[in-house]
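Residues per chain, in single letters:
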Amino acid sequence: MTKPVIGFIGLGLMGGNMVENLQKRGFELVVMDLNKDVVNTVIARGNAREATSPKELAEASDIVMFCLTKSEVVEKIVYSEDGILAGIKKGAVLIDFGTSIPASTRKIGADLAAKGAGMLDAPLGRTPAHAKDGLLNIMVGGDKETFDKMKPVLDEQGENVFYLGALGAGHTTKLINNFMGMTTVCTMSQAFAVADRAGVDRQQLFDIMSAGPSNSPFMKFCKNYAVDGVSDLGFSINNANKDLGYFLEMAKDLGTRAEIAEGTSHNLQAAVDAGLGEGNVPEIFDYFLKLGK
């Protein structure tokens, strides 16, 4: 059976490595990104070309994949005059690997369905290194028939592919996951900062806390920065801040309030305002360390 042609928009660290993995596995790619250097790198590997517009990319593709930063960007690429919706083929499928607002995802899915196309929301877990090797965790929402149709391609990209239910379930789960993770990082980073102010050795605090049930990979990331000065969690404060905003918007859409998330969001926004947004999330320790000084 001939492999589907894949259109891929968003060749950042994660998306670029996903495309490299797909190329290694013999897929033909049509790509777009604002960074022409990464586009040229993809084309130089072979069996890939650049599209001049999202419409052209959709017209040439059996599957369209996004790895983009924000819901607003996704909507612009879908709904612009020369966007995906204008060019999508009947029977094609759009897979959004980014982290988006579930209500926006469901709206896009309905508009694609009206044109005979499908959609999956499939946000990612793990790192760009896992993406290059096809070992991501992928959380998928969408109708089961579309999921089953796309499962062989998703298996080429993910070691663990989870089907979660109706469209929007993937993005919902990812936002909950990121709320938990980023709240944990903020809490542990502040714990190290308060310990420092109280004269408690940060290494000793880690030794004690990591010997109990608070131990986690996130604690290790926070320790690596607060104690060792190594920033190795590849997720920025800007991205975390965006995701917490989306989580709060989702909670509001669900008719509830998430006060703990409000606190995390407040701290992340304060760190962004302090000029730390480009740093990895454990670097929020620097913001907490300076509070009140």
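As the structure is a computational prediction, the values presented were derived from the model and not from experiment.

Further remarks concern the overall build of the chain. Helices and strands together make up the secondary structure of the chain, namely 14 helices and nine strands. Its C-alpha atoms give the chain a radius of gyration of 20 Å, within 12% of the compact-globule value 19 Å for 293 residues. The dimensions of the chain, computed from C-alpha atoms along their principal axes, are 65 × 45 × 35 Å. Classification of the 293 residues of the chain by burial places 51% in the buried group. When contacts within the chain are restricted to residue pairs at least 6 apart in sequence, long-range pairs at least 24 apart make up 65% of them. Within the structure as shown, the chain displays about 13500 Å² of accessible surface, and the carbon and sulfur contribution to it stands at 54%. Between the mean site of the 29 positive side-chain charges and the mean site of the 36 negative ones, the chain shows a separation of 1 Å.

We now examine helix H6 (residues 102–113). Taking 1.5 Å per residue, 12 residues should reach 16 Å; H6 reaches 16 Å between its end C-alpha atoms and fits that length. Within the sequence span of H6, burial applies to Pro 102, Ser 104, Thr 105, Ile 108, Gly 109 and Leu 112. Seen end-on, H6 carries its buried residues on one side only, within an arc spanning 155 degrees.

Here we come to the pattern of salt bridges. In this structure the tally under the stated criterion is 15 salt bridges. The partner of Glu 50 in a salt bridge is Lys 36, with the nearest N and O atoms 2.5 Å apart. With Glu 50 in strand S3 (residues 48–50) and Lys 36 in helix H2 (residues 36–45), this pair connects stretches of sequence that are 14 residues apart. Judged by its relative accessible area of 45%, Lys 36 is partly exposed. A salt bridge links Lys 107 to Asp 111; its shortest N-O distance comes to 3.6 Å. Taken together, the positions of Lys 107 and Asp 111, both in helix H6 and four residues apart, correspond to about one turn of that helix. Here Lys 107 falls in the partly exposed class, since its relative accessible area comes to 44%. Owing to a relative accessible area of 28%, Asp 111 belongs among the partly exposed residues under this scheme. One connected set of salt bridges, linked through shared partners, spans Lys 3, Arg 25 and Glu 156.

With that settled, the discussion passes to the pairing of strand S4 (residues 63–66). Burial along S4 is two-sided: Ile 63 and Met 65 facing one way and Val 64 and Phe 66 facing the other are all buried. Taken together, the four bridges between strand S1 (residues 6–9) and S4 define a ladder with parallel strand orientation. In the sheet register, Ile 9 faces S4, and the bridge partner there is Phe 66. The sheet contact formed by S4 and strand S5 (residues 93–96) spans four bridges and is parallel. Its bridge partner lying in S5, Ile 63 is registered against Val 93.

This paragraph deals with the nonpolar core. In terms of nonpolar packing, the biggest core is built from 35 residues, with Phe 192, Phe 247, Leu 268, Ile 284 and Phe 285 touching the most fellow members. Among the secondary structure elements, those contributing two or more residues to this core are helix H9 (169–198), helix H10 (202–210), helix H11 (217–226), helix H12 (237–253), helix H13 (259–273) and helix H14 (284–290). Once residues within four sequence positions are removed from consideration, Phe 285 is found in contact with Ser 189, Phe 192, Ala 193, Arg 202, Tyr 225 and Ala 226. Within the second largest apolar cluster, 31 residues are counted, among which are Leu 11, Leu 29, Val 39 and Ala 122.

Let us look at the pairing of strand S8 (residues 136–141). For S8, the buried fraction is high: six of the six residues fall into the buried class. Burial of the side chains of S8 extends over both faces: Leu 136, Ile 138 and Val 140 are buried on one face and Asn 137, Met 139 and Gly 141 on the other. As paired elements, strand S7 (residues 124–125) and S8 share two bridges and run antiparallel to each other. The residue bridging Gly 125 from the neighbouring strand is Asn 137, located in S8. Here S8 runs beside strand S9 (residues 158–165); their pairing, made up of six bridges, is parallel. Counterpart to Gly 141 in the pairing with S9 is Gly 165.

What counts as what
Residues numbered from 1 in each chain as written. Predicted model: local features only at pLDDT ≥ 70, side-chain atom pairs only at ≥ 80, totals over all residues. Heavy atoms only, no water. Helix = DSSP H or I, 4+ residues; strand = E, 2+ residues; numbered from the N terminus. Rg over C-alpha atoms; globule rule 2.2 N^0.38 Å. Buried < 20%, exposed > 50% of the residue type's maximum accessible area, 1.4 Å probe, protein only. Contact = heavy atoms within 4.5 Å. Areas by Shrake-Rupley, 256 points an atom, 1.4 Å probe, with all protein chains shown as cover. Lys, Arg positive; Asp, Glu negative; His and termini not counted. Charge placed at Lys NZ, Arg CZ, Asp CG, Glu CD. Expected span 1.5 Å × (residues − 1). Arc of directions from axis to C-beta. Salt bridge = Lys/Arg side-chain N within 4 Å of Asp/Glu carboxyl O. Pairing = 2+ DSSP bridges. Core = buried A, V, L, I, M, F, W, Y, C linked by side-chain atoms within 4.5 Å.

Everything listed is a geometric property; what it means functionally is a separate question.
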